[in-house]
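So the chains spell out like this:
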Amino acid sequence: MKKVYLDHKDFKNMARGLRGEAQYIGEAKNYQILLNHVRTGDLACYFSALHVLEAVRYKGDDPQELESYCTVLESLTQGKSIVWAESLEERELKFFVQNRFRIPLGLSADTYPYGEYLEAFPGTLETCAGWASQFKKMWDQKQREVLRPLGKTRNERRLIQKELPSLAEFTLTPEMMDTIPDALRHIYTPEIMTALIRGMPHSDNNALLSLIRRAMGIRELLAVWKATCPDLEKMGRAFDASGQQLIDMISYNRSAVGVFGSDMHKQAVKDGLTGVTRMLAKRFARRVHQLFPGQGITKKQLEEALISTGLSAIPSWHVVGTLYYQYTLDSVGSAKRNILASDIRDIIHMRCLPYVDFIVTDRYFAELTRRVSGYKTIVFRNVQELVTALDQSV
């Protein structure tokens, strides 16, 4: 089975084709071809948190825009995701330590970068557990308030409280479900919330996670984050601000090259990449005792080992770092291409490149990525190129 990662615009354009926009009818046909490959099991399509965050920005006049986008994203990926960025970094680091220092950590390259709906974002299970924990505190407090007017001693009240029904017998009622927003009820089902409030043992967290996964979809994932993260829309718009900063930075450096010459800028770019590599190696090495307790690895050993790889040991950072600095060099060196605010998102999407067989981006980044990635991943300029390649391989 081949793995593929599509750009946000690809899901968006296929959705526009499905909504009947004549300009994107070809994209709708490509969607059907990809969907057939997914259903036959010869293709797996992955999404990341960035796809969902970009969807937060949809506020157009067309109420079907977000709906059709979610339909395309969910049907093609079937919930398969590249895990949340911080989780991915940690797994990459552990995988490197496992191989470099011969420490068995049980990680496989075939599985560690991948997850399902929940793993694309952090903390969904913790959000449910936090809600249940708060309910338990309120339950205990209410019991004490009811018993206090009885005029008995504290020990007597405690004895009475012990005779009251325990939360182990608790069942979530329809009235209590009314307190959960409609958009989240497919996730926070009575079955799930009852298990949480009763205090499902830690060893059964995987069972609870499985329950939530069965109820989770792209729409529900987005609903959870809209409901539990007030700043989610700001996060979606943050890419716009970062994009403008990128435009300003490139414009400034183009002016500087005109004054000081290109050699100085090239050296600055090279030094910058070296500096970032050392900074990241130091940052990761600080976690040695937290992640590898009692394994005999020192912070210095891990830092030096990471630097010696040029940070290729952390592929998600390596590919983005090398791409970003080549992009900067390329953009400053030539004033022909307009710098776009969306460039920063295209670069971040490339964190997933090492973990798929095919990746689709735009024409410019396809050419740039082919020059700098150093990975076996095949880069396409559009979905049509991907479809053609798949047809030829059948």
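Conventions used here
Residues numbered from 1 in each chain as written. Predicted model: local features only at pLDDT ≥ 70, side-chain atom pairs only at ≥ 80, totals over all residues. Heavy atoms only, no water. Helix = DSSP H or I, 4+ residues; strand = E, 2+ residues; numbered from the N terminus. Contact = heavy atoms within 4.5 Å. Axes fitted to C-alpha atoms, helices over the stretch in contact; angles between N-to-C directions. Parallel < 35°, antiparallel > 145°, perpendicular 65-115°, else oblique. Nonpolar A, V, L, I, M, F, W, Y, C, P; charged D, E, K, R; others polar. Pairing = 2+ DSSP bridges. Buried < 20%, exposed > 50% of the residue type's maximum accessible area, 1.4 Å probe, protein only. Polar contact = N/O pair within 3.5 Å; in protein donor to acceptor, adjacent residues only side chain to side chain. Phe/Tyr/Trp six-rings, centres within 6.5 Å; stacked < 30°, edge-to-face > 60°. Lys NZ or Arg CZ within 6 Å of the ring centre and 35° of its normal.

J.: Tell me about the side chain of glutamine 98, and name the residues and values.
T.: Looking at where glutamine 98 falls in the secondary structure, it is placed in helix H5 (residues 85-100). In contact with glutamine 98, not counting residues within four places along its chain, are Ile103, Pro104, Leu105, Gly106 and Leu107.

J.: An account of the packing of helix H2 (residues 25-40) against helix H4 (residues 64-77) is needed here, citing residue identities and associated values.
T.: Their axes nearest at 9 Å, the elements H2 and H4 cross at an angle of 30°. Here H4 runs roughly parallel to H2, going by the angle between their axes. Contacts from Tyr31, Leu34, Leu35 and Val38 in H2 reach Val72, Ser75 and Leu76 in H4. Of the residues belonging to the contact of H2 with H4, the class tally is six nonpolar, one polar and no charged.

J.: Could you give an account of the sheet that holds strand E6 (residues 378-380), naming the residues involved and the relevant values?
T.: For sheets, the rule is that strands pair by backbone hydrogen bonds, running either parallel or antiparallel. If you trace the four strands from one edge of the open sheet to the other, you get E2-E1-E5-E6, paired in parallel fashion. The sheet is open, and its two borders are formed by strand E2 (43-46) and E6, each paired with just one other strand. Across this sheet, the average inter-strand angle for adjacent strands is 25°, counted without regard to direction. When strand E1 (residues 2-5) meets E2, the two strands line up parallel, connected through four bridges. Each bridged residue has a counterpart across the sheet, and for tyrosine 5 the counterpart in E2 is tyrosine 46.

J.: Before we move on, could you go through unusual backbone geometry and cite the residues and values that matter?
T.: With phi around 50°, glutamine 78 is a residue other than glycine that occupies positive phi space. Classification of glutamine 78 as partly exposed rests on a relative accessible area of 41%. One non-glycine residue with positive phi stands out, namely arginine 102, at about 55°. Note on placement: arginine 102 falls in the loop between H5 and strand E4 (114-115).

J.: Describe the side chain of threonine 322, listing the residues and the values that go with them.
T.: Note on placement: threonine 322 falls in helix H16 (residues 315-333). A distance of 2.9 Å separates a polar side-chain atom of threonine 322 from the backbone oxygen of histidine 318. A polar side-chain atom of threonine 322 sits 3.2 Å from the main-chain carbonyl oxygen of valine 319.

J.: Please set out the packing of aromatic side chains residue by residue, giving values where relevant.
T.: As enumerated under the stated definition, the model contains eight aromatic pairs in all. Considering the side-chain rings of tyrosine 46 and tyrosine 114, the 5.1 Å spacing of their centres and the 40° angle between planes classify their relative orientation as tilted. Placement of tyrosine 46 in strand E2 and of tyrosine 114 in strand E4 is noted, with a sequence separation of 68 residues between them. Judged by its relative accessible area of 7%, tyrosine 46 is buried. Aromatic pair tyrosine 327 and phenylalanine 365: ring centres 5.6 Å apart, planes at 15°, arrangement stacked. Here the residue tyrosine 327 occupies a position in helix H16, and phenylalanine 365 occupies one in helix H18 (residues 363-372), the gap between them amounting to 38 residues. Against the face of phenylalanine 284 rests arginine 283, its NZ or CZ located 4.8 Å from the ring centre. Between arginine 351 and the ring centre of tryptophan 317, over which it is positioned, the NZ or CZ distance is 5.4 Å.

J.: With reference to specific residues and values, describe the environment of leucine 66.
T.: One can find leucine 66 in helix H4. Classification of leucine 66 as partly exposed rests on a relative accessible area of 22%. Here the alpha-carbon distance between leucine 66 and alanine 15, two residues 51 residues apart in the chain, equals 9.0 Å.

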